Amino acid sequence: MRCQKMFALTVMAVMSMASIANAEEGVEEGHQLYVKYCSGCHKLTDQTSKGPGFLGVTGRHSEAWIEKWIQNPKAVIESGDPDAIKLKEKYKITMPTIKVMADEKPRREIIEFLKENDKNLAQ
Ligand code: HEC
């Protein structure tokens, strides 16, 4: 019995370590995706470029909202989402749909990266 408990605890510990490692990997890949696909319009500070600066963005929207937005900005605007409509009115251009963001993996990686960037705010 005790042995089983130890085994379960060990499995849980290993699994949680693996998920921490994965999250960190996601951050690095997310950073590369940011450089390639987002940095032309978004800075990592609060400074506006073609689009809003990313600092604080994970506090301005839920992760679910960010994920939907990244997948297809136009669809979120057209759904009548008030946050999306406010953004659209404020910026001259509308964010394009970025093909690679059709997949969940890169979207999750970008979000991990944005969360990491926002940790700078907490310090
Ligand atoms: C061609 C310029 C352009 C590119 C490239 C671009 N965006 Fe945007 N993004 C915008 C604009 C402009 C807005 C403001 C809303 C609007 O008018 O579409 C925006 C808004 C956002 C928002 C909401 C920000 C806030 O402060 O509320 C997020 C999140 C976002 N973009 C993520 C991304 C990610 C992630 C990428 C890269 C995968 C990316 N964007 C690439 C132009 C761009």
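Structure report, in brief.

This next bit is on the site of the ligand. Close contacts around the ligand come from 23 residues, with C38, C41, H42, H61 and M95 the closest. One of the side-chain nitrogen or oxygen atoms of R60 is found 2.9 Å away from an oxygen atom of the ligand. Contact distances for the ligand include 3.2 Å between a nitrogen atom and a side-chain N or O atom of W69. Only helix 1 (2–38), helix 2 (57–60), helix 3 (63–71) and helix 5 (82–90) provide two or more residues apiece to the shell around the ligand. Among the residues making up the shell around the ligand, the classes are represented as 16 nonpolar, four polar and three charged.

With that settled, consider the packing of aromatic side chains. Summed over the entire model, instances satisfying the criterion amount to three aromatic pairs. Consider the rings of W65 and W69, whose centres lie 5.3 Å apart with planes at 10 degrees: the pair is stacked. Residue W65 and its partner W69 are located together in helix 3, separated by four residues, close to a single helical turn. Residue W65 is classed as buried on the basis of its relative accessible area of 9%. Aromatic ring contacts, followed pair by pair, group Y34, F54 and F113 into a single cluster.

Okay, the nonpolar core next. If you look at the biggest cluster of nonpolar residues, it comprises 19 residues, and the most contacted ones within it are I110 and L114. For this core, the elements supplying multiple residues, two or more each, are helix 1, helix 3, helix 4 (73–78) and helix 6 (104–122). Those residues in contact with I110, other than ones at most four positions away along the chain, are G30, L33, Y34, C38, I70 and M101.

With that out of the way, let us pick up the layout of surface pockets. Once rolled over the atoms, a probe with the size of a water molecule shows which space is left empty. Each pocket or cavity is described by its volume, and for the largest pocket that value is around 640 Å³. Lining the largest pocket are 32 residues, and of these H42, P52, F54, W69 and M95 lie nearest its centre. Those elements that provide at least two residues to the lining of the largest pocket are helix 1, helix 2, helix 3, helix 5 and helix 6. Partitioning the lining of the largest pocket into residue classes produces 20 nonpolar, six polar and six charged.

Reading the values: the criteria
Residues numbered from 1 in each chain as written. Predicted model: local features only at pLDDT ≥ 70, side-chain atom pairs only at ≥ 80, totals over all residues. Heavy atoms only, no water. Near = heavy atom within 4 Å. Polar contact = N/O pair within 3.5 Å; in protein donor to acceptor, adjacent residues only side chain to side chain. Helix = DSSP H or I, 4+ residues; strand = E, 2+ residues; numbered from the N terminus. Nonpolar A, V, L, I, M, F, W, Y, C, P; charged D, E, K, R; others polar. Phe/Tyr/Trp six-rings, centres within 6.5 Å; stacked < 30°, edge-to-face > 60°. Buried < 20%, exposed > 50% of the residue type's maximum accessible area, 1.4 Å probe, protein only. Core = buried A, V, L, I, M, F, W, Y, C linked by side-chain atoms within 4.5 Å. Contact = heavy atoms within 4.5 Å. 1 Å grid on protein atoms, 1.4 Å probe; cavity = no way out; pocket = protein on both sides within 12 Å on 5 of 7 lines; lining within 4 Å. Points joined across faces, edges and corners; volume = space filled by probe spheres on them.

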